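Chain residues, written in single-letter form:
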Amino acid sequence: MNQYAMVIDLNRCVGCHACALACRAEWQVPVPYHRNWVDRLGPDKTPNGLSYTFWPGLCNHCDHPVCVPVCPVDKVEREFKNPKTGEVKKMMIAATYKDPFTGATLIEKDRCIGCGNCVAACPYGARYLNDKLDEPKADKCTFCVERIAHGEIPACVKTCIVNARIFGDLSDKKSEVYKLVHEKGAKRLSSKEVNIGPNIYYLGKKKDIYLLFEKCAPHKRTWENVKVMNEPSKRDTLLAALKKLPKFI
Amino acid sequence: MKRREFIKLSAAGCAALGAMELQGRGLFRPAVASGATAGATSQGLPGSLGAKEISSVCEMCFWRCPIIGKVKDGKLVKIEGNPKSPSNGVKVCARGNSGVQLVYDPDRVKYPMKRVGARGEGKWAKISWDEALDEIVHNMQNVKKKYGPNALAYFDHGASAEFMRDIFKATGTENYTNEPAFFQCVGPVAIAYLNTAGYLVSGTRQYIDMGNAKAILLVASHIGENIHVSHVQEYMKGLESGAKLVVVDPRFSAPANKADIYLPIRPGTDTALLLSWINYVIQNNLYDKEFVKNHCEGFDKLKESVKPYTFQWAAKICDLKPEDMKKAIDLLAKTRPHVAIHPGRHATWYGRGDVGRHQALSILTALFGAVGVPGGIYFPTPVKKPKAANMGIEVKESEPPVSLKTTYPYASMLGTPTAEIIKATITGKPYPIKLWGINGVNILQTIPNPYDTMDAIKKLDFIFCSEMLPGETAIWSDIILPDTPYLERYDAIYTYEGLTPYMTVRQPVVPPLFEAKSPYWVSHQLAKKFNLSCFPYEKEQDYLNIQLKPMNLTLDKLNAQGGLITFPAKPYRDSKDLKLPTDSGKYELYVEDFAKNKLDPMPKFIATPAAPVGYVRLVYGRMPMHTFSRTMNNLWLHNECPENELWLNDEVASKIGVKDGDTVVIENHAGKQSYPVKVKVTPGIRPDAVYLPHGFGSTSPLLTKAYKKGASDEFLITNYEADPFMGASSHRTDFVRLIKDGKTLNIPEIKPLPPDIPRFEMKKTA
């Protein structure tokens, strides 16, 4: 399976927030929500000295995305195409799903009922419920697969003024992300409690990685508190369907 | 040297290098871009894909990166870097990305307005452009008639302000260019390098080749918190290539985190460190003997003058360990000449001694031979800017019996010291000032002691401003003109003289909203009303096309090639070709001209007073998501950072019982209090300083997002000293304590003060 991934190099990152804003502009993400954020960490003491660093965060497109199984929307069959080989695969998916060929965790907006389960499930706070729409929908980073399909790169990568964000396919041994992960030791932001295979990796000095993990590694198994009904609530499904009807005067 | 001789000399030196133009506009107008690319018009593509792309020039800050605006369905949706740009390329910073929300800020000044309430009350009525301009013309003429031309003063910054500067110039006032950017920012560093290296190493730009350096020294420059895209890129290129980084700062800044050696120096003592380094480099023969012999003047005098400055002495003054000081300078010396001694930019810290500090940095650069070589300071490549007729005005300044420009020997370079204008306005001496025009700068959040500035405004017959947003300055104005954001207008051809020279043009990405008008249009109208010969062109495109013609270009042709053309750079010089644009053609380690003006010809350590007992020094700086005080109301940037935090040393915090996240009020030595602000408790700042990011705490209720958010450093700066060279105003000579839950908290002194450093004397309050 292919897996899109991103390495964020904290040695390069100057914490300028351009990534967060290019994403906001590209996808019209309404304030105060975000798909892409920068948290400023420190200066604080670490066992390796003082650290003043950043958490440039986004959806981790996890190997085992806990946001997917909590989606209560009726599953439908969809056909997926491998962008490299053209191979086709059919899969039953709810409104949120993990793409089998890119590893991107995505949302089928038309079918999202805005229940907020996935938002509550994510231990990284990477999703939000866009309540500025006529009907609320979950939203999050897509790794800009829509742009990639048109030969572009993710908006955050494009604007990063110091090239601190490296994007690619982790299954490709020749890719830069592969080298940074497997040879340079870029790290996933995980903990014993929350270890679901995030595909955003961080490189940095020991002290900076220490502070990042101390302040930002998730520990709460947030998805375990999300009540998932086997079937979507009839009411929600009905409401969602009603909202799609043309408006009458 | 006399003021006029100095202008001539500087102009000759700088014109030779294309670094600046002294006539009219120049020092603070850097390079930039323009041009449009015919964008694809495909509909239905996701995100910003398929948008119409128009090339232009950013002005979220003065660095002015070449950009493209992406427009869908007539709406600006996104801004990216111009792919043609050899500097930033497709990249823009947080602020560059957020220019979209400057255009669509609902708080924008939408129409010409006339004050109806009391001055400063913030009540206006909408008027027509014609009426607004007539009011301005009438008042300018009246004041001139009644009090003489010098009763008019103009404060300006940035591209918005440049055309109108000539309208003021035409009145005959000597006060037509008073850049807060010079007198509040780069004045001291500009004067230091102009008189040692002979050219403007640091003004708008810093001609420092960090990308090819093997070591970089930053003295309180916090690159990364202070973002200018190509500058940050060059710094990062240097670090990526293995350059060692030495950072000197009382605060553990973003670059301090990346440093190989970090020196947490006592605030106010940088020059002591630099002088001890110069002495050590000379005594231990670590300097470039060839360079000094062939290209420097005054070495023997310098050698003698720095002798007293030993590591032992400096260590006590600076509160640093001598071994760390030695390690740092050895590291820098080892890499010479490829060592980037960053000249610094914002330099108005303590008044006395500011020029000396940057002169010391300049001297260190010369001793290392880091001049015109990869990794050192380099020479700008002049890019010839074609001219169109009558795009400015030449007039004789009136020479009043006492000129405000002659109070300080090096003031006139950029106009009249702002502090002198404010004083004269309040006192009426040496001559009355009765009218202010303000353009592109929020003077109350920029110039120290805004309380004095407000007092001065109360004495004026008339004050007007041109503004995009109703900040403090607009609140105090009688007439406000609605300025167009940079994305809604043409203005000038911009050139970049750095390592990747280019020429480009600003042009509108979307048409002006509401009744906003471009700065050129306003000046064109004023010129007609004043019957002046300048700015005769109906449309901006007319003069732009004339200016482009000698290059065989038109706006259309330029746009067809992406809106930007590049030129080869010539930043380096062989030793045999090196002639510096000074009187002697050499790097001046001893500045004769300073001596003639009874100023120190070589840097000396002048102790700036330390905090009085119970107080701590207030220092300030930048955050990467904001520009000065201009962006706090921007929807997106406000969301990234709605308010600032006061950095407080952890040990001090525990002694006074303040916790991280607590809310306090900051009170300065004169009893001025800030809005409530959150405290960030951190080991990353010395106990003898607190740090406040600049520009927050707006006092304008018309800025609905920024109003009262965070604390304003400017409103706590009431004590300032004039730099004896050019009358710039110091910004780090104020001291504060905290108020929590109504209780005043004195700051304990954890680092004992050496006897050589005096204390600030508080004024006895009645």
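This text gives an overview of the structure that appears in the document. (Residues numbered from 1 in each chain as written. Chains lettered and ligands numbered in written order. Predicted model: local features only at pLDDT ≥ 70, side-chain atom pairs only at ≥ 80, totals over all residues. Heavy atoms only, no water.)

## Concerning the environment of Q3 of chain A
Within the fold, Q3 of chain A resides in the segment before β1 (4–9). Taking C-alpha positions, Q3 of chain A is 8.6 Å from D63 of chain A, a pair spaced 60 residues apart along the chain. (Helix = DSSP H or I, 4+ residues; strand = E, 2+ residues; numbered from the N terminus.)

## Concerning the packing of aromatic side chains
Taken as a whole and judged by the stated rule, the model has 35 aromatic pairs over all chains. Taking the centre distance of 5.9 Å and the plane angle of 50 degrees together, the rings of Y52 of chain A and F54 of chain A count as tilted. Here Y52 of chain A and F54 of chain A have matching classes, each one buried. Ring geometry for F163 of chain B versus F535 of chain B: centroids 5.7 Å apart, planes at 85 degrees, classification edge-to-face. Of the two residues, F163 of chain B sits in helix α5 (residues 162–170) while F535 of chain B sits in the loop between α18 (519–530) and α19 (540–548), which places them 372 residues apart along the sequence. Note on F163 of chain B: relative accessible area 3%, which makes it buried. What links up through ring pairs into an aromatic cluster is the set F163, Y520, F535, Y537 and Y543 of chain B. Above the ring of W647 of chain B, the side-chain terminus of K680 of chain B is found at 5.0 Å from the ring centroid. Residue placement shows R732 of chain B over the ring face of Y620 of chain B; its charged tip is 4.7 Å from the ring centre. (Phe/Tyr/Trp six-rings, centres within 6.5 Å; stacked < 30°, edge-to-face > 60°. Buried < 20%, exposed > 50% of the residue type's maximum accessible area, 1.4 Å probe, protein only. Lys NZ or Arg CZ within 6 Å of the ring centre and 35° of its normal.)

## Overview of the sheet that holds strand β14 (residues 479–482) of chain B
All names here are of chain B. Strand order in this open sheet of six strands is β5-β4-β14-β13-β12-β6, and the pairing throughout is mixed. Edge positions in the open sheet fall to β5 (124–126) and β6 (152–156), since each of these has one partner strand only. Adjacent strand axes in the sheet meet at a mean angle of 15 degrees when their direction is disregarded. Bridging between strand β12 (residues 435–439) and strand β13 (residues 462–467) involves five bridges; their strand directions are parallel. By the bridge assignment for β13, W436 is matched with I463. (Pairing = 2+ DSSP bridges. Axes fitted to C-alpha atoms, helices over the stretch in contact; angles between N-to-C directions.)

## Remarks on the packing of helix α4 (residues 129–147) of chain B against α18 of chain B
Residues and elements named next belong to chain B. Packing of α4 against α18 brings their axes to within 10 Å, and their N-to-C directions diverge by 55 degrees. In terms of their interaxial angle, α4 and α18 are classed as oblique. Crossing geometry of α4 relative to α18 is assigned as right-handed. Taking contact as the criterion, the partners of W129, D130, L133, D134, I136, V137, M140 and Q141 in α4 are, on α18, W521, V522, Q525, L526, K529 and F530. Class assignment of the residues belonging to the contact of α4 with α18 gives a composition of nine nonpolar, two polar and three charged. (Parallel < 35°, antiparallel > 145°, perpendicular 65-115°, else oblique. Left-handed = near helix turned anticlockwise from the far one by under 90°. Contact = heavy atoms within 4.5 Å. Nonpolar A, V, L, I, M, F, W, Y, C, P; charged D, E, K, R; others polar.)

## Focus: α18 of chain B
In an α-helix, one turn spans 3.6 residues, which is why side chains three or four residues apart end up on the same side. Residues and elements named next belong to chain B. Given a rise of 1.5 Å per residue, twelve residues ought to cover 16 Å, and the 16 Å separating the end C-alpha atoms of α18 matches this to within 8%. Buried residues dominate α18, accounting for nine of its twelve residues. Every buried residue belonging to α18 is among P519, Y520, V522, S523, H524, Q525, L526, A527 and F530, and all of these are buried. Those residues of α18 hidden inside the fold are in contact with α4, α5, β14 and α19. (Expected span 1.5 Å × (residues − 1).)

Note that every value here comes from positions in space, so none of it alone points to a role or purpose.
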